[in-house]
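Chain and residue survey
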Amino acid sequence: MSLFFQKGFSSLLVLLLLSPYVLALVQAPKGDLNLEGRWMWPLWMGARQAALSAVLALVVGGILFLSLRACSSYKSFRWVRSLLLWPNLIPPLFVILSVMSLSQWLGWSHQGLMWVILTHALMNGGLVALAVFAHDQNQVQKLSEVARVYGASVPRRFFDIWLPQMKSVLIPNFVLVFAICLTSFSIPLVLGGGSLTSLEVHIFQLIRTEGAWSLALFYSVIQTLFVLVLSLTLWKLKGEDTFSESYIPPSRPLPAVFLGVSILPILVLSGFWFLSVAKDFTILFYDPAFFDFLQSKDFLESVIHSSLIFILVFWIQTFLSMGVIWGGRTGFTEGFLKGYVSPSVAVLGFSLSLLPGEGELWAVLKTSLCFSFLTFPLLFKWKNLSRWKGLSHQVTVAKVMGAGGGTRFWDVLWPQMREGIFQTSLIAALWSLGDFAVSSFFFSGSKTVALMVVDLLNKYRLEWASLISFALFAVGLLLFFVFQKGLESVRR
Amino acid sequence: MSVVKNLKLKRSQFDLEVEELHLPEEQVTALVGPSGSGKSSLIRTLLGLENATGWSWVLKGKEMSMVPTEHRNLGVVFQSLELFPHMTVLENVEFPLKCRGQKDRSFAHELMERLGVSNFRKNLPIELSGGERQRVALARALSFRPDFLFLDEPFSSLDSATKEKSRELLKEVLQDFKISTLLISHDKEDVQSLATTVYSINRGKIPQAKP
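Residues numbered from 1 in each chain as written. Chains lettered and ligands numbered in written order. Predicted model: local features only at pLDDT ≥ 70, side-chain atom pairs only at ≥ 80, totals over all residues. Heavy atoms only, no water.

**Quick word on the domain arrangement of chain A**
Residue and element names in this part refer to chain A. Under the domain assignment used here, chain A contains domain 1 (1–20 + 287–492) and domain 2 (32–272). With 29 residues of domain 1 at the contact, the number on the domain 2 side is 30 residues. Across the domain 1/domain 2 interface, buried area totals approximately 2,500 Å², and carbon plus sulfur atoms make up 80% of it. Applying the counting rule to domain 1 against domain 2 returns 0 salt bridges. Looking at the side of domain 1 that touches domain 2, the elements that each hand over two or more residues are α14 (345–353), α17 (405–433), α18 (449–458) and α19 (462–491). The leading source of residues in the side of domain 1 that touches domain 2 is α19, at 7 residues. When the residues that make up the side of domain 1 that touches domain 2 are grouped by side-chain class, the tally is 22 nonpolar, 7 polar and no charged. (Domains from an automatic or database assignment. Contact = heavy atoms within 4.5 Å. Buried area = accessible area lost by both parts, 1.4 Å probe. Salt bridge = Lys/Arg side-chain N within 4 Å of Asp/Glu carboxyl O. Helix = DSSP H or I, 4+ residues; strand = E, 2+ residues; numbered from the N terminus. Nonpolar A, V, L, I, M, F, W, Y, C, P; charged D, E, K, R; others polar.)

Put into structure tokens, the structure is as follows:
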């Protein structure tokens, strides 16, 4: 009986994650698929942006790798690694604000393909650097040492050993960054301006401005298939584990000055925003209009909606993770989660928005659900899947000893996995605080803090937007640290 | 006889301290000791892969501590062999000659013949058995006639039958080429059949370091 429920639960979860596809298919017949002569154009433009971003990310990753090679201890390695992963963990809204502050400082327009590519490259360069470092540490460093003993000069070691060996890391990382940038939505939407820089933005515009569901779905299916092929390629290529904790201090670290390179992404993607906040704070402190705005009913409403989304996303993510684990580690569930690719953000968002349920509370619920569907598979794969696999022998032992499904879950799995689950749930909830793309499908007007920030940006109130975002960011950071401390005390 | 003097290296668990280490010429010296006793650190320092200052080792008239690693003319076979996986057997063996700009490859080819790996010259290391890979690593280490050879647990990954054969072959080759060698091994049989001088190391110290 217990097995029946477990299997049923796994299937239900799979159905839940597949439901966006079903919803989108239901909507599709409402418009005729009208492929005009230049239907390949959006695909080409999206692929061009993704390819250029991936190439630049490899270059940036190569530069950032030097900072990892300059680490002489595990402590400094952890610091540098955190700095490099930082841009991947902060919501795109804050990244966009920093790039806008930088462009304002330079006196340039903040919109265009160049900014999209630069932002993508800086956001993903750290991932590339960590993968390159892991491979260098595990294999290449020793080969390079042997080559040195045999008389190879620095250029020969680079061209004959390092570069050929790194091919096996650079190619999968190119594919990974290409896939991430191809499906990128928020950054091309704001920084791309009106130009076609991402297929996802094109899908969004097709539905929002033309109501062309069939065409949007057509592009969404092509994108999903493309990403699926890329995922399979990545699975075949088997790159290094970017999030690996293993670290062997190098016998000859690079000079400490190279450690400074690690702040490059943070400087561009956060630093300029912080600088503008510091400047704006002194000006706005004496601006009564800003304080009136903060006390307005609209602002209060947006804070309440954002808080509710934060709480809901946290718990939906937690329950989804618990459900997957409780359902048991079957080849089917694991394979599904590994290969699962969310449909396009736009298609998913618009599909859910057409479900019954009006009003702001429904919008909060739909935003939370949509956001969880989009982030759950990625976060679960990143943090919990390998841990779950690692515990399979303990579960078998417990089963042999007569433990039922509930005992195996509550006494064996949950105590060992709850920390990782809560962490990923918190990350998803923090991302949702800075989300404006998903919530824009369900709310009309600026009804969340992030949507309000974007609205202010459109009204050229960069300084107001900047300060409100900073408050949001600070709250998120505070929550993260309080939560971490809480987890640590529970662990003790 | 070459002598290593005043070698000191800070390690996390203990310090490697070698006041004097006598290495007889054209003979095999073995260094035995438990895991983590500093054997590999000693080899890495002599190769120039670890930073140690104030030490000296005069070999064939050259003060090795002052010479960059790539110009020391030393050969090494590590426990993990470290064959370049993207290069063929031939490219691996010829790699040191390529680094030195040597056009004459006849000795390397003769050595490959002698070690029985010339039939695999176009194969990648991954396509070879453990014993074959071990012979390729040895051919690469000797192909440029090094002034000194380091063997760090060279047979540890082989089964006992292959180990026996490899040991015999290595003994013949070392006797023929008369190359000074420092061997690190856990295996008593390796030490007994190959070495003429044996030192022991414990917690970074070699109490008796003269033959």
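**Digging into the packing of helix α4 (residues 92–106) of chain A against α18 of chain A**
All names here are of chain A. Where α4 contacts α18, the axes come no closer than 11 Å and their chain directions differ by 20°. By the angle between their directions, the pair α4 and α18 is classed as roughly parallel. α18 is crossed by α4, and the crossing has left-handed handedness. In this structure, α4 uses Leu-93, Leu-97 and Met-100 to contact α18, whose residues at the interface are Ala-450, Val-453, Val-454 and Leu-457. (Axes fitted to C-alpha atoms, helices over the stretch in contact; angles between N-to-C directions. Parallel < 35°, antiparallel > 145°, perpendicular 65-115°, else oblique. Left-handed = near helix turned anticlockwise from the far one by under 90°.)

**What to know about the packing of aromatic side chains**
Under the defined criterion, the tally for this structure stands at 46 aromatic pairs over all chains. Considering the side-chain rings of Phe-293 of chain A and Phe-299 of chain A, the 5.6 Å spacing of their centres and the 50° angle between planes classify their relative orientation as tilted. On the accessibility criterion, Phe-293 of chain A (16% relative accessible area) is buried. An aromatic cluster is defined as three or more aromatic residues linked by ring pairs; in this entry it consists of Phe-314, Trp-315, Phe-319, Phe-409, Trp-410, Trp-414, Phe-422 and Phe-483 of chain A. When the ring centre of Trp-464 of chain A is taken as reference, the NZ or CZ atom of Arg-461 of chain A above it lies at 4.1 Å. Lying across the ring of Phe-107 of chain B, Arg-145 of chain B places its NZ or CZ 3.9 Å from the centre. (Phe/Tyr/Trp six-rings, centres within 6.5 Å; stacked < 30°, edge-to-face > 60°. Buried < 20%, exposed > 50% of the residue type's maximum accessible area, 1.4 Å probe, protein only. Lys NZ or Arg CZ within 6 Å of the ring centre and 35° of its normal.)

**Description of the pattern of salt bridges**
Residue and element names in this part refer to chain B. Here the structure, examined in full by the defined rule, presents 20 salt bridges over all chains. With its nearest N and O atoms 3.4 Å apart, the salt bridge here joins Asp-15 to Lys-10. Residue Asp-15 is classed as partly exposed on the basis of its relative accessible area, which comes to 25%. Here Arg-105 makes a salt bridge to Glu-94, at a shortest N to O gap of 3.2 Å. Note that Arg-105 is positioned in the loop between α2 (89–100) and α3 (106–114) and Glu-94 in helix α2, a separation of 11 residues in sequence. Glu-94 sits in the buried class, given a relative accessible area of 13%.

**A word on the sheet that holds strand β9 (residues 197–200) of chain B**
All names here are of chain B. An order of β6-β7-β8-β3-β9 is seen for the 5 strands of this open sheet, with the pairing classed as parallel. Edge positions in the sheet fall to β6 (74–77) and β9, since each has one partner strand and no second. Here the strands of the sheet are splayed against their neighbours by 20° on average, with no regard to which way each runs. The pairing of β6 with strand β7 (residues 148–152) spans 4 bridges and is parallel. Note on β7: the bridge partner recorded for Val-76 is Phe-150. Contacts from helix α4 (residues 130–142) reach β6 and β7, with the element oriented near 170° to β6. (Pairing = 2+ DSSP bridges.)

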